[in-house]
Amino acid sequence: MSAAKPRVLFVTDLAYPARGRRYCDEDIRLSARLREDFDVALCHPLDAAALMDAFDLVLVRNSGPVLNYRAAYEAFRSRALERGTRVYNQLTGRADMAGKQYLLDLSAAGYPVIPTVDRAEDLGRLPVVPEYVVKPKLGADSIGLRTVPREELGSVAYGDDVLVQPLIRFAYEVSFYFVDDAFQYALHAPDPEQRWRLEPYEPTADDLDFARRFIAWNTIEHGIQRVDACRTPEGDLLLVELEDLNPYLSLDLVDEAAQDRFVAALKGSLLTLAARPERS
């Protein structure tokens, strides 16, 4: 570790064209705040494996869907695990970090998740609705997602690559943001047609209990997680996604006090991780 400040390799794709968001703005601002306590260098995800040995920590932020550079990501992951590199988020995540299989597992285990299947013979487990969503298990940022009428479900190529869910007409989406297992803030999209037009949301105790169930299930000791849920017309919350790889934070949409709390929590978590010996 550096005698002065821990050295952080901040992994980001500043040029990724995210829909409705500006990844670059968030990462420029966040990295500037981290420089108060760390020596920070930004790099593209394709360069992370080659550069990471010169740093005390690797912080994966808005690096874009790994579907776009799968081989490079797997090489980075394998090298980091082999060398015991301190990576944030922790590489043992069981949710989006490992694909969408967790939606099947959680659905089968009775968690409050949008019902999910991946076999034609299991379609009877889904509610009868006019349309269904078909998405790739390794998808991200809605890549490869399509809507299929019920009468065309038989034409879907089932197998190891796709999931099927009912298209739910929900009231709104809400996201809960955590550093390690500590809740930071929540945002919601009042208009279901405007996913990234978010506003601050004050969660109830039941809302936080819902979100914390998934944080506890994932057992990530150090990392940023975003629990995305939808509110059904009946008032229930159902999990849409548990983002545990590189969740966009929408930090510009919360007030300065919430931003400061988040940054303080992230710095504290990173400093705790930096103090741990690397596994040899």
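Everything discussed here concerns the structure shown above.
Residues numbered from 1 in each chain as written. Predicted model: local features only at pLDDT ≥ 70, side-chain atom pairs only at ≥ 80, totals over all residues. Heavy atoms only, no water.

Caption draft 1: Inspection of a nonpolar patch on the surface at higher detail. Together, L14, I28 and L42 give the surface a local cluster of nonpolar side chains, amounting to about 230 Å² of exposed area. Structurally, the position occupied by L42 is in strand β2 (residues 39-43). (Patch = residues over 30% accessible without salt bridge, like charges linked within 9 Å, V, L, I, M, F, W, Y side chains within 5 Å. Areas by Shrake-Rupley, 256 points an atom, 1.4 Å probe, with all protein chains shown as cover. Salt bridge = Lys/Arg side-chain N within 4 Å of Asp/Glu carboxyl O. Helix = DSSP H or I, 4+ residues; strand = E, 2+ residues; numbered from the N terminus.)

Caption draft 2: Just empty space enclosed by the protein, in detail. On inspection of all chains with the given rule, the structure shows one cavity of 30 Å³ or more. Within this model, the largest cavity holds a volume of roughly 80 Å³. If you trace the largest cavity, you find it lined by V11, P45, A48, V60, S63, V66, Y69, A72, Y73, F76 and L245. Of the residues that constitute the lining of the largest cavity, the class distribution is 10 nonpolar, one polar and no charged. (1 Å grid on protein atoms, 1.4 Å probe; cavity = no way out; pocket = protein on both sides within 12 Å on 5 of 7 lines; lining within 4 Å. Points joined across faces, edges and corners; volume = space filled by probe spheres on them. Nonpolar A, V, L, I, M, F, W, Y, C, P; charged D, E, K, R; others polar.)

Caption draft 3: Inspection of the packing of aromatic side chains at higher detail. In this structure the tally under the stated criterion is 12 aromatic pairs. Considering the side-chain rings of F178 and F183, the 5.7 Å spacing of their centres and the 65° angle between planes classify their relative orientation as edge-to-face. Aromatic pair F210 and F214: ring centres 5.2 Å apart, planes at 70°, arrangement edge-to-face. Within this pair, F210 and its partner F214 are both found in helix α5 (residues 205-218), separated by four residues, close to a single helical turn. A single burial state applies to F210 and to F214, both of which are buried. Here the aromatic cluster, defined as three or more aromatic residues joined through ring pairs, consists of Y16, Y23, W196 and Y248. The ring of W196 is capped by R195, whose NZ or CZ atom sits 4.4 Å from the centre of that ring. (Phe/Tyr/Trp six-rings, centres within 6.5 Å; stacked < 30°, edge-to-face > 60°. Buried < 20%, exposed > 50% of the residue type's maximum accessible area, 1.4 Å probe, protein only. Lys NZ or Arg CZ within 6 Å of the ring centre and 35° of its normal.)

Caption draft 4: The arrangement of the pairing of strand β11 (residues 224-231) in detail. Burial analysis of β11 places eight of its eight residues in the buried class, the great majority of the element. Neither face of β11 is exposed, since I224, R226, D228 and C230 on one face and Q225, V227, A229 and R231 on the opposite face are all buried. As paired strands, strand β8 (residues 172-179) and β11 are joined by eight bridges and run antiparallel to one another. Bridging across to β11, Y177 finds its partner in R226. Looking at chain direction, β11 and strand β12 (residues 237-243) are connected through six bridges and run antiparallel. What sits directly across from D228, in β12, is E241. Turn length for the β11-β12 hairpin, with the two strands adjacent in sequence and antiparallel, is five residues, and the turn residue G235 shows positive phi of about 100°. (Pairing = 2+ DSSP bridges.)

Caption draft 5: Spotlight on α5. With 14 residues, α5 should reach 20 Å at 1.5 Å per residue; the first-to-last C-alpha distance of 20 Å fits that figure. D207, L208, F210, A211, F214, I215, W217 and N218 are the residues of α5 that are buried. On the buried face of α5, the contacting elements are α4 (101-108), β8, β9 (182-189), β11 and β12. Following α5 by one or two positions, T219 adopts a phi angle in the positive range, close to 55°. (Expected span 1.5 Å × (residues − 1). Contact = heavy atoms within 4.5 Å.)

Caption draft 6: Structural context of the sheet that holds β11. Pairing in this open sheet of five strands is antiparallel, and the strands run β10-β9-β8-β11-β12 from one edge to the other. Unpaired on one side and paired on the other, β10 (199-200) and β12 mark the two borders of the sheet.

Caption draft 7: Representation of the environment of A265. The topology assignment puts A265 in helix α6 (residues 256-274). Using a relative accessible area of 23% as the deciding quantity, one classes A265 as partly exposed. A265 sits 83 residues away from A182 along the chain, and the two C-alpha atoms are 8.4 Å apart. Residues within four places of A265 in sequence aside, it is in contact with V179 and Q184.

Caption draft 8: Structural view of the packing of helix α1 (residues 23-34) against α6. At their nearest, the axes of α1 and α6 sit 10 Å apart, and the two run at 60° to each other. It follows that α1 is oblique to α6 by the angle criterion. The way α1 lies across α6 gives a crossing that is right-handed. Packed against α1, whose contacting residues are L30, R33 and L34, the element α6 presents D260, V263, L266, K267 and L270 at the interface. A breakdown of the residues in the contact of α1 with α6 according to their chemical character gives five nonpolar, no polar and three charged. (Axes fitted to C-alpha atoms, helices over the stretch in contact; angles between N-to-C directions. Parallel < 35°, antiparallel > 145°, perpendicular 65-115°, else oblique. Left-handed = near helix turned anticlockwise from the far one by under 90°.)

Caption draft 9: Main features of the environment of G223. With respect to the helices and strands, G223 occurs in the loop between α5 and β11. In the structure, G223 is positioned 48 residues away from L271 in sequence and 12 Å away in space, judged by C-alpha atoms. Setting aside residues up to four positions removed in sequence, G223 forms contacts with Y88, N89, F178, V179 and D180.

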